[in-house]
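Now for the letters of each chain:
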Amino acid sequence: MESSSAQRRRRRRAHTAEEAAATLRKAWCRLRLSARDPARVPPWDAVVLTAASPEQAALYNRQLARARSLGRFPASTAAIAVPDPDGARIGSGAATLHAVASLVRHLAAQASKEESVELLTEANGCSGDDATLAAAVSFMANKHVLLLHAGGDSKRVPWANPMGKAFLPLPYLAGDNPDGPVPLLFDHILAISSSARQAFKNQGGIFIMTGDVLPCFDASNLVLPDDAACIVTVPTTLDVASNHGVVVASKDGIDQENYSLCLVDNLLQKPTVSELVEGQAILDDGRALLDTGIIAARGKAWRDLVTFAHSSSQSMIKELMTSKKELSLYEDLVAAWVPAKHEWLRNRSLGKELIAALGSQRIFSFCSYNFTFLHFGTSAEVLDHLAGSYSGLVGRRHMSSLPETTACDIAATAIILSTKISAGVSIGEDSLVYDSSLCGRVRIGSQSIVVGVNIHDFQGHGSQIIRNSTCFTLPDRHCLWEVPLVNSVGRVLVYCGLHDNPKVTIERDGTFCGKPWRNVLGDLRIQDKDLWNSTNQAKCLWNARLFPVMSLPEMLNAGMWLMGSACDLDGKIASQWRKSQRVSLEELHRAIDYKQLCMDASKHQADLAADIAKACMNYGLLGRNLFQLCEEILQKDACLEVCKELLSFSPSHGDEYSAVVPQSRGYQVKMDLLRACGDLSTACMVEEKVWASIASETASAIKYGSKVLNRSHPFIEPSSHAVSSNNGNLHPRKAFVELPVRVDFVGGWSDTPPWSLERPGCVLNMTISLEGSLPVGAMIETTEDHVGVSIEDDADRNIYIDDLASISSPFKENDPFRLVKSALIVTGTLGHKILSKSGLKIRTWANVPRGSGLGTSSILAAAVVKGLFQVMEGDESDDNVARAVLVVEQIMGTGGGWQDQIGGLYPGIKCTQSFPGQPLRLQVVPLLASPQLVHELEQRLLVVFTGQVRLAHQVLQKVVTRYLRRDSILISSIKRLAELAKIGREALMNGEIDELGGIMLEAWRLHQELDPFCSNKFVDELFAFADPYCCGYKLVGAGGGGFVLLLAKKLSCAKELRQALDESTSFDVKVYDWNIVMPRG
């Protein structure tokens, strides 16, 4: 008997908008990681789209090229569109087999020399066709393929036909990347599917989806059984189940909190309630399992599918074309994996062959309890998904040029994407306008869709001027789109009602523009023969020759007349319409000039990007991502001239920008524009100024005086702004400073200049000892036997410097003493009286592995700075030392923020916030931890050294560059990290250590979003190994290697994990003993 809580859990089906946003963001993060670092996060080996015709396949191949250029998948992923043979309707099952066979041939043709040798090796011992088949199956066995069914004509979403329904605009999360292209349905499908890739593990396979459905679920939780097929299902109500495919799953299997995995006992197609009862398809809670259209085959099931496709698909397709039958994926092909369906399948076309080829394997049902099924099957459904419960995810103004609100009337709920709108335009509520230019007096009604339309100023058209006071009106609940025709025939405007079903005939009360056909014909005074050629032809919107090919003003006039928004009292419009060349939706589907369509769209988007970039340079504060806009601009001809024009707008220091735009940002914009113009040598010189500016800005914010040497490198002078001594005593002095290291839970990067100089930051970290000692320290003492500076480190490297003037920045990156030298400069020691009568001996040590990520460099700098201030009797307060170290790191050229030195100087657990200003303000808030909390943390948290060396400087440069470019995804990620630090503090204050684990996991995901190379395969495998024991884990610091934090679910899990790591031969890691260094007293 199931518990009531389990039943309540299974009843939860649809995501809230917040849950959907979190699911999509996680999926997009995985997609970006797989494109940027495919060696670590494996992508699909191939992405395949089915298409209805060669023309549609050519369009899809252009769309796939666009996706690749935008970084949706890496160069290693093959991406092809496969048309159905001769444009014949062969069914989704046959299309699947044909696509697999076509992919085998494509990949074999593209195979490397090594792969070709492997193919020949596999064929040894076989002859002829058997050899070819064996080689092909072996070659494909370990490939991972995403197959998207996107063929056919979009009769219910006719305006999407020119682009393909899978590529319709879906601006969910568009606000995350406001300067990027409009997200498409295909992009979101790619993101969701990228998380499913991990389920295949070391077995090859195929993942099949449909192009008009967005399955919103966390596919990283997907479990696929070995050597079997699997169908993704979701519990649904019986009214929904009776209109779709239903899966009958075995009562036995795996049942977890978020999913179940069971063998499939039977399949039902659009069953009645009695058939559901008889087939034992109704679950305990009164629902049934809905087939979502997602099917996977793995291991042996995948090999069988490849074997059948490669050996039999051509002959099978010929038989289907001859008999004019179709082979369904969801009824026929899947049934081969269900023994209960074999008797039924044997009587179907090619059923016996399917059973013989595939029937030895089984199919499982993976039922997800947290799944939302977004179907884009009709125009009304598209608007519903934009205006309904997920409306909060929608970016309503994206990459568009809009006039001021007093010059137009655009409803707040209207969605304007990649569109240029001029004064005088009106757009109603919940309408979608995409990839268009609207000029003049244009009125778009509510709940309407406008795609690819270019309505320009009509001055000079004389008698062709639009009637009705020169105003074009699209009524409420209508669709309008424009496409180019092949053979340079021209362009055509197309329109229909939002709820029109082009398949429904006159006899079945079909509609045009929301009105029954009989009413339309009567109102317009036209006859059947004006629209349909043959009396035997089914009379419906799909084949009605409605749409005239004329000049644009004439087409607009005719459109308003046909839609009923304009009168034709004198009959001139009707007369012109009858005489014109006209096309139907069916003819249009075959007559679209897809190449011209793509070229026009690309030019339109490049022009919009150029206009936005010019406005940003002319009127703004350089707040847009000019780097990303330039990438879009470079897609069109004459792009270099545009980029050079933008470069001429670059701000000069001293103009009106200087007071509000940081130098570093201005230089970054100039560098990116120079690169776009192809002037790489000048760009490199400007890049040096970028980093010099950051150092100078940091010094200024910390209130340490600075000047610029050689126009690029900061030099801190021993001025009144530098902290000096009180001309202290000259008798021998000695300072001994020992400090702990820090581990950070969350908030890193929000402490790093230039972010922390311009935006608030917040970090939650903790001070710890390792192996019972404070591992970082410095000893500084005055000497009477020499007047220079002697420096020695724990690697037995030493140097004596008698010419103090030689200590000046910039320092060489391989200088082992640049940290101490920078500290001498920043503290003003070089100009202090103490060095006029005596020398200094400085010894440093750090008993921590190199590249630890524990903030060792900054904490060692803090020890040196604190020791120098002690010797000079200066201000050695933790606050002053922390500020000085921030400048030290800029002088060294390593960058870095304030959290490391704060972590080492201030004991215990603390939440530190920074507030930009002159000077930068730091607020350290200690967490008053109870003894119970301290004890539980020390018992459950494992501090482990991975042995992987990490270099924070390399990661830091990439992240800082993205910030200077105003990368919106990066900015939102760092904002979230700072927010999580505050949430984490509250969690710890309330003793919620498990919640801290969830925060660590989200922080780790965000760190990978900032830079995919902050991890590596070894670390990923270590986290996968630790996952069953842990509620949270992350690398400390900037990542890339070093130490990891593993927060166990409970004390027993911590002990088991430590033992497992000690005994593991796969992980050569060291688990350190550690303790929180608590405040004294």
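Description of the structure in this document. This structure is a prediction, so every number in the text was calculated from the model and none was measured.

Take the pairing of strand E37 (residues 798–801) next. Relative to E37, strand E36 (residues 789–792) runs antiparallel, the two being bridged by four bridges. Across the sheet, residue Val789 finds its bridge partner in E37, namely Ile801.

Further remarks concern the environment of Asn202. Positionally, Asn202 belongs in the loop between helix H7 (185–196) and strand E4 (205–210). A relative accessible area of 64% places Asn202 in the exposed class. Contact partners of Asn202, with chain neighbours within four places excluded, come to Asn142 and Arg298.

One key point about sheets: their strands pair by backbone hydrogen bonds, in either a parallel or an antiparallel sense. What the three strands build is an open sheet, ordered E16-E19-E22; its pairing is parallel. Two strands close off the open sheet at either side, each with one partner strand: strand E16 (420–421) and strand E22 (454–455). By the bridge criterion, two bridges tie E16 to strand E19 (residues 437–438) in an arrangement that is parallel. Residue pairing across strands places Ile421 opposite Leu438, the latter belonging to E19.

Bringing the sheet that holds strand E41 (residues 941–945) into the picture now. Spatially, E42-E43-E41-E44 is the arrangement adopted by the four strands of the open sheet, whose pairing is antiparallel. Each end of this open sheet is capped by a strand with a single partner; those strands are strand E42 (1030–1035) and strand E44 (1070–1072). When the angles between neighbouring strand axes are averaged without regard to direction, this sheet yields 25°. Two elements, E41 and strand E43 (residues 1043–1048), share five bridges in a ladder whose sense is antiparallel. Its bridge partner lying in E43, Leu942 is registered against Leu1046. Across the face of the sheet, helix H32 (residues 931–940) comes into contact with E41, E42 and E43 while running at roughly 40° to E41.

On to the packing of H32 against helix H35 (residues 993–1010). Relative orientation of the contacting elements H32 and H35 amounts to 50°, with a least axis distance of 11 Å. Classed by the angle they form, the pair H32 and H35 counts as oblique. Of the two possible hands of crossing, H32 and H35 adopt the one that is right-handed. When H32 is examined against H35, the residues Leu933, Glu936, Leu937 and Arg940 are found in contact with a partner set consisting of Ile993, Asp994 and Leu996. Looking at the contact of H32 with H35 residue by residue, the classes come out as four nonpolar, no polar and three charged.

The subject of this paragraph is the packing of aromatic side chains. Inspection of every chain in the model, using the stated rule, returns 21 aromatic pairs. Relative to Phe200, the ring of Trp44 has its centre 5.7 Å away and its plane inclined at 75°; by these criteria the two rings are edge-to-face. With Trp44 in the loop between helix H2 (17–36) and strand E1 (46–51) and Phe200 in the loop between H7 and E4, the pair connects residues that are 156 residues apart, well separated along the chain. Overall, Trp44 belongs to the buried group, its relative accessible area being 6%. On the basis of relative accessible area, Phe200 is assigned to the buried category, the value being 0%. One aromatic cluster is present, formed by Trp44, Phe200 and Phe207 through successive ring pairs. Looking at Arg582, its charged tip hangs above the ring of Trp577, at a distance of 4.1 Å from the centre.

For the pair H2 and H35, interaxial distance at closest approach is 9 Å and the crossing angle is 45°. Relative to H35, the element H2 lies oblique. Considering only the axes of H2 and H35, their crossing is left-handed. Packed against H2, whose contacting residues are Arg25, Lys26, Cys29, Arg32, Leu33 and Arg36, the element H35 presents Arg1005, Gln1008 and Glu1009 at the interface. In the contact of H2 with H35, the residues fall into two nonpolar, one polar and six charged.

Now for helix H13 (residues 351–358). Residues of H13 that are buried include every one of Gly351, Leu354, Ile355 and Leu358, and no others. The buried side chains of H13 occupy one side of the element, clustering within an arc of 95° when seen end-on. Set apart from the buried face of H13 by more than 90 degrees, the exposed residues are Lys352 and Ala356. The secondary structure elements touched by the buried residues of H13 are helix H10 (300–323), helix H11 (329–333) and helix H12 (342–346).

Attention now moves to unusual backbone geometry. Peptide bonds are trans in most cases, and residues, glycine excluded, mostly fall at negative phi. Pro754 follows Pro753 through a cis peptide bond whose omega is 5°. Mapped onto the elements, Pro754 comes out in the loop between strand E33 (741–746) and helix H26 (755–758). The omega torsion across Gln918 and Pro919 is 5°, close enough to zero to call that bond cis. With respect to the secondary-structure elements, Pro919 resides in the loop between strand E39 (909–915) and strand E40 (921–926). Residues other than glycine seldom take positive phi values, yet Lys270 does so here, at roughly 45°. Its place among the elements puts Lys270 in the loop between strand E9 (259–269) and helix H9 (273–278). Judged by relative accessible area, Lys270 falls into the exposed class, the value being 58%.

Moving on to helix H34 (residues 968–989). The end-to-end C-alpha distance of H34 is 32 Å, a good match for the 32 Å that 22 residues give at a rise of 1.5 Å each. For H34, the side-chain oxygen to backbone nitrogen distance between the N-cap and Ile969 is 3.0 Å, and the N-cap itself is Asp967. Residue Gly991 follows H34 closely and has a positive phi angle near 70°.

Throughout the structure, instances matching the rule amount to 39 salt bridges. For the salt bridge of Arg965 with Asp672, the shortest nitrogen-to-oxygen distance reads 3.1 Å. Taken together, the residues Arg965 in the loop between helix H33 (952–964) and H34 and Asp672 in helix H24 (residues 663–676) connect sequence positions 293 residues apart. Across this residue pair, the class does not change: Arg965 and Asp672 are buried. With its nearest N and O atoms 2.7 Å apart, the salt bridge here joins Arg976 to Glu1002. Placement of Arg976 in helix H34 and of Glu1002 in helix H35 is noted, with a sequence separation of 26 residues between them. Within the structure, one salt-bridge network assembled from shared partners comprises Arg742, Asp744, Asp900 and Lys1034.

Core analysis: the largest hydrophobic core is formed by 141 residues, its most contacted members being Leu49, Trp159, Tyr172, Phe207, Trp481, Trp517 and Leu546. In terms of residues, this core owes the most to one element, helix H18 (residues 552–563), which gives eight residues. Residues in contact with Trp481, not counting those within four places in the same chain, are Pro158, Trp159, Pro162, Val451, Val453, Val492, Leu493, Val494, Tyr495, Cys496, Leu585 and Leu588.

Counting buried positions along E42 yields six of six residues, so the element is predominantly enclosed. Pairing of E42 with E43, which is carried by five bridges, proceeds in the antiparallel orientation. Following the sheet pairing, Gly1032 is matched in E43 by Leu1047.

In this section: the state of the cysteines. One pass over the full model with this rule turns up zero disulfides. Free of any disulfide, Cys677 has its nearest neighbouring cysteine sulfur in Cys643, separated by 5.2 Å. Classification of Cys677 as buried rests on a relative accessible area of 16%. Note on Cys1053: no disulfide assigned, nearest cysteine sulfur contributed by Cys1030 at a separation of 8.1 Å.

Rules used throughout
Residues numbered from 1 in each chain as written. Predicted model: local features only at pLDDT ≥ 70, side-chain atom pairs only at ≥ 80, totals over all residues. Heavy atoms only, no water. Pairing = 2+ DSSP bridges. Helix = DSSP H or I, 4+ residues; strand = E, 2+ residues; numbered from the N terminus. Buried < 20%, exposed > 50% of the residue type's maximum accessible area, 1.4 Å probe, protein only. Contact = heavy atoms within 4.5 Å. Axes fitted to C-alpha atoms, helices over the stretch in contact; angles between N-to-C directions. Parallel < 35°, antiparallel > 145°, perpendicular 65-115°, else oblique. Left-handed = near helix turned anticlockwise from the far one by under 90°. Nonpolar A, V, L, I, M, F, W, Y, C, P; charged D, E, K, R; others polar. Phe/Tyr/Trp six-rings, centres within 6.5 Å; stacked < 30°, edge-to-face > 60°. Lys NZ or Arg CZ within 6 Å of the ring centre and 35° of its normal. Arc of directions from axis to C-beta. Expected span 1.5 Å × (residues − 1). Polar contact = N/O pair within 3.5 Å; in protein donor to acceptor, adjacent residues only side chain to side chain. Salt bridge = Lys/Arg side-chain N within 4 Å of Asp/Glu carboxyl O. Core = buried A, V, L, I, M, F, W, Y, C linked by side-chain atoms within 4.5 Å. Disulfide = S-S within 2.5 Å.

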